[in-house]
Amino acid sequence: MAHCWHRGTCLSAIFTGWLLALLVPLIPALPSTSLDTLAGNSTSLAIPFSLPAPDIPTVIAWDKDLIILATGNFRPNFSVPVAEPYQPRFRVDPTSGSLNITALIPDDAGVYTVSLRPLGGTEQKANITLRVYEEVRDVSVSPSPAVAYEGDISVTFTCSPDLGSVTWTKDGQSLGEDPRFQLSGGSLKINYPQRTDAGSYRCTVSNPFSSGTGMASLTVYYGPDTPTISISLSGPDSEAKDFVLVNTSLNLTCQAPSQPPADISWIMADNQDHTVPSTANLPLSSVQLNQAGTYSCLAFNERTNRRVRSTYRLTVAQRPTGSPSCSVASNESALLFVCSWPGGSPDPRLSFRGLPEDKEATSPRLEQLVVPPFPAGLSGRNITCLASHLTGEKSCSIVPEAPSGVILLFQAFEDAGGMVTMEMRCQGTFNPAEIAWFRSGELLVPAAGDRYELSPDGTRLTIWNFTAPQDLGNYSATCSNPLGSQSTNLTVIGPTISEWTLSRGPDPGSASITWTVPSESAATSFRIQMQGPRQGRSASEWETVQVLGAANRSTTVPGLEPTSSYSFQVVPLLGLQAGNPSQVLTLQAEPHLSAGAIAGIVIGSILGFLLLLLLLILLVFLVCRARKRKVPPTAEKQQHYLSRQFPHGRESNEPSWGNPRWSSGDSDIYAITYEEHLRRHGGPATLVRPAVSILLCCSNWIWLPK
């Protein structure tokens, strides 16, 4: 397209643009104004400066972007033709010189320049910027919907029509300052889209006369990411741990972020289990030990064609039984320490502490052999086994000890048929111990069917059908281990009573009996025998009134007649074999009163009461008489008496026979106070004491039994 500067002078567009680029820096800045109009309306571009006088010849010119629109004589004879391409919509007003434009179109927008050249005057110029806006309607965003893959180079939205300023929002929020978002005109370019860029995008086109919006969605496909497997437990023991107990129910959940959501599948630890769900949740009810192992979760996204896998190691634990146990045994001349904690899965970790060498093992049983020479202080040292398992930690202890304080104890038992079983125990401080038993110096080696039997640890010797005197005698035991040895002995004698006592019982008509037996005496029961008036037999025969067990050492025999005497003896027994009876003791009859004595007590009580009444009357009489004769003078009377005897009223300080002396002239009178008289001679109560003494003597004499 050619641009015409003057009529008949036209230049190509390329040359015009090149010429403008050269001339613009040389053109001085002009006063300028601006004007906004709506397409289709009419407008008038007024000259923004004052016009010269009407009688001065003036040339006017209007051009747009250096393209002449109209030029000619403005005054005094108006003649300003408009270039043909702009007729008839463009016209110059003959009065004001304004450029009037009708039926505005967007191409009318631009910078308009007006110049006035008065004859003989200075040329005036000004720029007027005209902006022509179209009404905004039917705004749209393309593409809609938009799809991108995470990691792509870019995705671009275009907002149209571009009839003003364009702004963008995402999910109702501004785009912010993210450098990945680039705005150009009505376009939004997102470089290297991410999954967080997915959402709803809105563009708003606005100008001074109207506005409109358009919307489009963006979906970003991604994933699946590497799955994460989590575990949740149900039941009372629901706390998350590195293991689960047998019979626990749980859920394995596989999460793999993906758009669209990934297809999930599982590979079970137990290959025989064919009930594998194709969901993110894998329930396992009441898990067993064979379900422990590796569980794999596979995630696949058909859009991105990406497949990933993650694994989870499930540990199923079984608590060991009870608590760990510790023991020590002799192994020839060495000591074998054993720590055991069976029943757990996986195996516990066991270790000894306190031995010369700390040994550890992952096993339900740990053995450690300690050979001589033994370290100092091993005997009596606390050796600890630390047991650690997934389900918890416990420990046990054992103390190896050389034999000391070894003694023999025994106890005899009798069955319903009278057969006696003797049990001997070797007791003391030793661990471990090998015990050898002897009788009269000969080693006892029990055999099958023998009357002798040893307990598994050798500390107890049982003798069946124990009889006297065949099985009585000396027994001994030797306790030994690699740390030392000690022997002890015991002589068993037949049933014997060493001491016993007989006394009246706590209730009338009863007898209390106590007895002791030697510590080496074997007895299974005791017979309490009595001789008394109730027996329908000869006086020399004994009646067994009680049979007591071996643990008894006292008894009470009731039902005796208080007025009779009884003889008692205690007979010890070993089964059906009776030992020597105790010595005989007699319980004498209780003392009692005759009928005459009882009558004397009654008569004496009556006479004593009468005598007591008589003495009481006499006592009252004597007290009243003494009060009448011994009334002390008052202070007033005493003063009156002294003033008459001693008119001069002075008292001598010289003692005479230990009494205060009053003197008047040549005569002295000795005075004594009433209180001093009572101290020396006593008061009325002095007469009471002899009377009470006589009364008590009479009462005692009357109450004495005749």
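Everything that follows concerns the structure shown earlier in this document.
Below or above, wherever it landed, is the structure these notes cover. Model, not experiment: these values are computed from the prediction. (Residues numbered from 1 in each chain as written. Predicted model: local features only at pLDDT ≥ 70, side-chain atom pairs only at ≥ 80, totals over all residues. Heavy atoms only, no water.)

Concerning the overall build of the protein
1) Next: On a plain count of helices and strands, the protein comes out with 5 helices and 53 strands.
2) Next: Sorting the 706 residues of the protein into buried and exposed places 35% on the buried side.
3) Next: Within the protein, residue pairs in contact and separated by at least 24 positions form 57% of the contacts whose partners lie at least 6 positions apart.
4) Next: Per element, the accessible surface of the protein, about 40500 Å² overall, is 54% carbon and sulfur. (Helix = DSSP H or I, 4+ residues; strand = E, 2+ residues; numbered from the N terminus. Buried < 20%, exposed > 50% of the residue type's maximum accessible area, 1.4 Å probe, protein only. Contact = heavy atoms within 4.5 Å. Areas by Shrake-Rupley, 256 points an atom, 1.4 Å probe, with all protein chains shown as cover.)

Re the packing of aromatic side chains
1) Next: Taken as a whole, this structure holds 8 aromatic pairs when the rule is applied.
2) Next: With centroids separated by 5.1 Å and ring planes inclined at 70°, the aromatic side chains of Y86 and F90 adopt a geometry described as edge-to-face.
3) Next: For Y86, a relative accessible area of 21% corresponds to the partly exposed category.
4) Next: When its relative accessible area of 3% is taken as the criterion, F90 is described as buried.
5) Next: When the ring of W515 is compared with that of F526, the centres are 5.4 Å apart and the planes differ by 55°; the resulting orientation is tilted. (Phe/Tyr/Trp six-rings, centres within 6.5 Å; stacked < 30°, edge-to-face > 60°.)

Brief notes about the side chain of R75
1) Next: Topologically, R75 is positioned in strand β6 (residues 67-75).
2) Next: We note that R75 is buried and unpaired, the nearest opposite charge coming from D55 at a distance of 7.2 Å.
3) Next: Within polar-contact distance, the side chain of R75 engages the backbone oxygen of P52 at 2.8 Å. (Lys, Arg positive; Asp, Glu negative; His and termini not counted. Salt bridge = Lys/Arg side-chain N within 4 Å of Asp/Glu carboxyl O. Polar contact = N/O pair within 3.5 Å; in protein donor to acceptor, adjacent residues only side chain to side chain.)

Observations concerning the environment of L69
1) Next: Summarising the element assignment, L69 is placed in strand β6.
2) Next: Through-space distance from the C-alpha of L69 to that of Q87 is 9.6 Å; in sequence the pair is 18 residues apart.
3) Next: The residues contacting L69, other than those within four sequence positions of it, are W62, D63, K64, P81, V82, A83, Y86, F90, L99 and Y112.

Structural notes on the pairing of strand β5 (residues 58-64)
1) Next: Along β5, 6 of the 7 residues are buried, which leaves the element largely enclosed by surrounding structure.
2) Next: Here β5 runs beside β6; their pairing, made up of 7 bridges, is antiparallel. The partner of V59 across the bridge, within β6, is N73.
3) Next: Linking two consecutive strands that pair antiparallel, namely β5 and β6, is a turn of 2 residues; a positive phi of about 55° is found at D65 within it.
4) Next: By the bridge criterion, 7 bridges tie β5 to strand β9 (residues 110-118) in an arrangement that is antiparallel. Counted as the bridge partner of I60 is L116 from β9. (Pairing = 2+ DSSP bridges.)

A look at the nonpolar core
1) Next: Within the largest apolar cluster, 25 residues are counted, with the highest numbers of intra-cluster contacts made by M422, M424, W437, I463, F466 and V492.
2) Next: Those elements giving two or more residues to this core turn out to be β35 (401-414), β36 (420-431), β37 (434-439), β40 (460-463), β41 (473-481) and β42 (484-492).
3) Next: Top element by residues in this core is β36. It accounts for 5 residues.
4) Next: Filtering out sequence-adjacent residues up to four positions away, M422 remains in contact with F410, Q411, A412, L461, T462, I463, F466, V492 and A522. (Core = buried A, V, L, I, M, F, W, Y, C linked by side-chain atoms within 4.5 Å.)

As for the state of the cysteines
1) Next: For the coordinates displayed, the defined rule picks out 4 disulfides.
2) Next: The partner cysteine of C159 in its disulfide is C203, sulfur to sulfur 2.0 Å. Taking the sign of the S-S torsion, 60° for the link of C159 and C203, the bridge is right-handed. Of this pair, C159 sits in strand β13 (residues 154-160) while C203 sits in strand β18 (residues 199-207), placing them 44 residues apart in sequence.
3) Next: By relative accessible area, which is 0% here, C203 ends up buried.
4) Next: Through a disulfide, C326 is tied to C396; the S-S separation comes to 1.9 Å. Here the S-S torsion is close to 70°, and the disulfide linking C326 with C396 is therefore right-handed. (Disulfide = S-S within 2.5 Å.)

Quick look at unusual backbone geometry
1) Next: The residue after S160, namely P161, is reached through a cis peptide bond having omega -5°.
2) Next: P224 follows G223 through a cis peptide bond whose omega is 5°.
3) Next: Secondary-structure assignment places P224 in the loop between β19 (210-221) and β20 (228-234).
4) Next: Of note in this structure, D65 is not a glycine but carries a positive phi near 55°.
5) Next: Structurally, the position occupied by D65 is in the loop between β5 and β6.
6) Next: Since its relative accessible area comes to 38%, D65 is described here as partly exposed.

Here's the deal with the sheet that holds β20
1) Next: Spatially, β20-β22-β24 is the arrangement adopted by the 3 strands of the open sheet, whose pairing is antiparallel. Both outer strands of the open sheet, β20 and β24 (281-284), are each paired with one neighbouring strand and no more. The mean inter-strand angle of the sheet, taken between neighbouring strand axes irrespective of direction, is 20°.
2) Next: Of the pairings in the sheet, the one linking strand β22 (residues 249-255) to β24 comprises 4 bridges and is antiparallel in character. Counted as the bridge partner of L250 is L284 from β24. (Axes fitted to C-alpha atoms, helices over the stretch in contact; angles between N-to-C directions.)

Details of the pattern of salt bridges
1) Next: Applying the stated criterion across every chain, the model contains 16 salt bridges.
2) Next: Between D36 and R131 there is a salt bridge; the shortest N-O distance is 2.6 Å. Here D36 is found in strand β3 (residues 32-38), whereas its partner R131 is found in strand β10 (residues 124-133), with 95 residues between them in sequence.
3) Next: D36 sits in the partly exposed class, given a relative accessible area of 31%.
4) Next: Measuring nitrogen to oxygen at the nearest pair gives 3.7 Å for the salt bridge that ties R117 to E123.
5) Next: When its relative accessible area of 37% is taken as the criterion, E123 is described as partly exposed.
6) Next: Several salt bridges share partner residues, and in doing so they unite E150, R195 and D225 into one network.

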